[in-house]
Amino acid sequence: MSLWVDRYRPKTLVSLDFHQDVANRLKALASSGDFPHLLIYGPSGGGKKTSILATLNELYGSGIEKMKIDVRTFTTPTNRKLEFNVISSNYHIEITPSDMGNNDRIVIQELLKEIGQTEQIDFQTGKHRFKVVIINDAESLTRDAQAALRRTMEKYSTNIRLILIAESTSNIILPIKSRTLLIRCSLPTIEEINRVLLKISKKENLQENNQLPQNDRECLKILNRISINSERNLRKAILLFESLVMIHNKLTINTPIIELDWELVIKNLSNSVLKNRSVSTLSQSRSILYELISHCIPPIIILKKLAFFLICNERIENDDVKFQIVDAASVFNERLNLGSKAIFHLEGFLAKTMVILEKNRV
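Sequence order as written defines residue numbering, which begins from 1 separately in each chain. For this predicted model, a pLDDT threshold of at least 70 governs which residues receive local features, and a threshold of 80 or more governs which side-chain atom pairs are given and counted, while totals over whole chains, interfaces and linings are taken from all residues. Calculation of side-chain values draws on the structure's entire complement of heavy atoms; hydrogens and water are dropped beforehand.

As annotated in an unreviewed UniProt entry, the protein is DNA replication factor C from Ascoidea rubescens DSM 1968.

Shown next as structure tokens:
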């Protein structure tokens, strides 16, 4: 049994629930015969991956759904062996080079060179075709990897097309931006998320099974609570909706919304920093941060949530203090992107925050 977020993912551009303007643009590009390199960016949960897979379906048909995972091995200049997962079909591959840290340049150079040097032929029509390479977390690529990517785009443009996925374009170098068509996928509105959740509920027969109220107005109020708590992240909203349905026999307007465990841990950590600014608190935070990272919570997300919970705490009323915390978060955000040891920079942010709070006697 697959999760609802996968089971009800739209497979074609026509069936997308929102971003119709983006869908029409991608459909026109797919049918034009001159498909460019793309840079699709926007917040998480806005439909970037779904739009890309639907575009591939428009280009190649349902064959792109037959995917497999391969483990590739790369050798660094110091003869160190690196294993890297590659998701692929006959028409595309999907990679996340930033998982390799500072060795992402090796993946870009060797893997894309291998694909770019292989000519793709459609045996049904006998025509030359290109292979699509999807690169996740493009904004996390190192400068060296981006420079290698730029050279690849120029040299092998006849055999491959790149689709870069990023949350922001600020860390992507200008030569790559100038060689790609930028398309932004914004977050869906609360009303759009409500429509998607309502569609899923009807397909799952939740109202007929009395798991949701028969009255559409009451049902919509419950779905609206879920949409608001998901912070307009559609993926999070669908996962939250499915979790609530699995836990409770019947959803009502008073059904408590599930809070994520890792968010509660970060919230408690921010509260402890506000209450007790000491070396012992900083020492205890290290084990908490290690625990979060070991559970695959991205360090960037930990930093953002820490900063958010700190500036939203009612104990901090001075706007100047909030500005200083946000400024410190931006500094350590950059260091996280450039460095390799996330724990150092997360601890550094907490230490800097303690200094700011102590100076301003918060």
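What follows picks up the thread again.
1. A look at the overall build of the protein
Just so we agree on the cut-off: Only DSSP runs of H or I reaching four residues or more are called helices, and only runs of E reaching two or more are called strands; each is numbered from the N terminus. Atoms considered for the radius of gyration are the C-alpha atoms alone. The globule rule reads 2.2 Å times the number of residues to the power 0.38. Between buried and exposed lies partly exposed: a residue is buried under 20% and exposed over 50% of the maximum accessible area for its type, with that area taken using a 1.4 Å probe on protein chains only. Two residues qualify as a contact provided that any one of their heavy atoms is within 4.5 Å of a heavy atom in the partner residue. For accessible areas, the Shrake-Rupley method is used with a probe of radius 1.4 Å. Any residue's cover is judged against the shown protein chains and nothing else.
A tally of regular secondary structure across the protein gives 14 helices and nine strands. Taking 2.2 N^0.38 as the reference for a compact globule, 362 residues should give roughly 21 Å; the C-alpha atoms of the protein span a radius of gyration of 23 Å, in line with that estimate. The dimensions of the protein, computed from C-alpha atoms along their principal axes, are 70 × 60 × 35 Å. Buried positions account for 44% of the 362 residues belonging to the protein. Within the protein, counting contacts between residues at least 6 apart in sequence, those at least 24 apart form 71% of the total. Summing over all exposed atoms, the protein offers an accessible surface of approximately 19400 Å²; the carbon and sulfur share of this is 49%.

2. Observations regarding the packing of aromatic side chains
Operational definition: Any Phe, Tyr or Trp ring, taking Trp's six-membered ring, that has another such ring centre within 6.5 Å forms a pair; planes under 30 degrees apart are called stacked, those over 60 apart edge-to-face, and the others tilted. When the NZ atom of lysine or the CZ atom of arginine is within 6 Å of a ring's centre and also within 35 degrees of its normal, the charge is said to sit over that ring.
One pass over the full model with this rule turns up seven aromatic pairs. For the ring pair W4 and F241, a centre distance of 5.6 Å and an interplane angle of 65° mean the geometry is edge-to-face. In this pair, W4 is assigned in helix 1 (residues 4-7) and F241 in helix 9 (residues 234-247), connecting sequence segments 237 residues apart. Residue W4 is classed as buried on the basis of its relative accessible area of 3%. Seen from their ring centres, Y60 and Y91 are 4.9 Å apart, and the 15° between their planes marks the pair as stacked. With Y60 in helix 3 (residues 48-60) and Y91 in the loop between strand 3 (81-88) and strand 4 (92-95), the pair connects residues that are 31 residues apart, well separated along the chain. Each member of the pair, Y60 as well as Y91, is classed as buried. Note that R161 overlies the ring of F130, its terminal NZ or CZ placed 4.6 Å from the centroid. Note that R335 overlies the ring of F332, its terminal NZ or CZ placed 4.9 Å from the centroid.

3. Here's the deal with the pattern of salt bridges
Proximity of charged atoms lets side chains of opposite charge pair with each other. Rule in force here: Every case where a carboxyl oxygen of Asp or Glu lies within 4 Å of a side-chain nitrogen of Lys or Arg is listed as a salt bridge.
In the structure shown here, the tally under the stated rule is 14 salt bridges. In this structure, E263 and K305 form a salt bridge, with 3.3 Å as the shortest nitrogen-oxygen distance. Of this pair, E263 sits in helix 10 (residues 261-275) while K305 sits in helix 12 (residues 299-311), and the two are 42 residues apart along the sequence. For E263, a relative accessible area of 16% corresponds to the buried category. A relative accessible area of 14% places K305 in the buried class. One network of salt bridges, with partners in common, ties together E231, K236, E263 and K305.

4. Quick look at the environment of Y91
Along the chain, Y91 and I64 lie 27 residues apart, while their C-alpha atoms are 6.3 Å from each other. Leaving out residues up to four positions away in the same chain, Y91 has contacts with Y60, G63, I64, R129, K131 and V132.

5. A closer look at unusual backbone geometry
Not every positive phi belongs to a glycine, and E231 is a case in point at roughly 60°. With respect to the helices, strands and loops of the structure, E231 is situated in the loop between helix 8 (216-229) and helix 9. You can call E231 partly exposed: its relative accessible area is 47%. Positive phi outside glycine occurs at C296, with the angle close to 65°. On the secondary structure map, C296 appears in the loop between helix 11 (279-294) and helix 12.

6. Some thoughts on the sheet that holds strand 2 (residues 68-75)
As a reminder of what qualifies: Whether two strands pair comes down to DSSP finding at least two bridges between them. Every axis corresponds to a line fitted to the C-alpha atoms, with the helix fit spanning only the stretch in contact, and the corresponding angles, defined between N-to-C directions, vary from 0 to 180 degrees.
Here seven strands make up an open sheet; going across it, the order is 2-3-4-7-8-1-9 and the pairing mixed. Whereas interior strands pair on both sides, the edge strands pair on one side only; in this sheet they are strand 2 and strand 9 (181-184). With strand direction ignored, the average angle separating the axes of adjacent strands in the sheet is 25°. Across five bridges, the pairing between strand 7 (residues 131-135) and strand 8 (residues 160-166) is parallel. Bridge pairing in strand 8 links K131 to I160.

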